[in-house]
Amino acid sequence: MNYNIVKHIGTLSDGKITTELNVIEWNGRKAQYDLRRWSVDETGERTPLKGLCLSDSELEVLKQLIKTIVNQPSITS
């Protein structure tokens, strides 16, 4: 599995397992938005874990869905 992180957008959680939003090229394919967990060992070596790749249009739909819940009470508390 080959990947190239084209742009790091942000980190949602940090530690031995991080959750990040990046723009990544996987196996030489067109870059996509990528929301994924990464395992980070003591040397700083990163291993991609489960994640989700999104096209521009899928990210736009997700953005609109998040906007609808931002000002609502949390359902997880």
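Residues numbered from 1 in each chain as written. Predicted model: local features only at pLDDT ≥ 70, side-chain atom pairs only at ≥ 80, totals over all residues. Heavy atoms only, no water.

Q: Report on the packing of aromatic side chains, specifying residues and quantitative values.
A: What the rule picks out here adds up to two aromatic pairs. Between Tyr-3 and Trp-26 the ring centres are 5.3 Å apart and the planes differ by 45°, which places this aromatic pair in the tilted class. Taken together, the residues span a long stretch of sequence, with Tyr-3 in strand E1 (residues 3-13) and Trp-26 in strand E2 (residues 17-26) at a distance of 23 residues. Owing to a relative accessible area of 31%, Tyr-3 belongs among the partly exposed residues under this scheme. Through a chain of ring-to-ring contacts, the aromatic side chains of Tyr-3, Trp-26 and Trp-38 assemble into a single cluster. Positioned over the ring face of Trp-38 is Arg-46, at 4.6 Å from the centre of the ring. (Phe/Tyr/Trp six-rings, centres within 6.5 Å; stacked < 30°, edge-to-face > 60°. Helix = DSSP H or I, 4+ residues; strand = E, 2+ residues; numbered from the N terminus. Buried < 20%, exposed > 50% of the residue type's maximum accessible area, 1.4 Å probe, protein only. Lys NZ or Arg CZ within 6 Å of the ring centre and 35° of its normal.)

Q: I'd like a description of the sheet that holds E1, backed by residues and values.
A: Across the sheet, four strands lie side by side as E1-E2-E3-E4; this open sheet has antiparallel pairing. Either end of the sheet is taken by a strand with one partner, and the two such strands are E1 and strand E4 (46-54). For this sheet, the mean inter-axis angle between neighbouring strands, taken without regard to orientation, is 35°. Inspection of the sheet shows strand E3 (residues 32-40) paired to E4 by seven bridges, in the antiparallel sense. Looking at E4, one finds that Asp-34 is bridged to Cys-53. (Pairing = 2+ DSSP bridges. Axes fitted to C-alpha atoms, helices over the stretch in contact; angles between N-to-C directions.)

Just distances and angles here, no functional claims.
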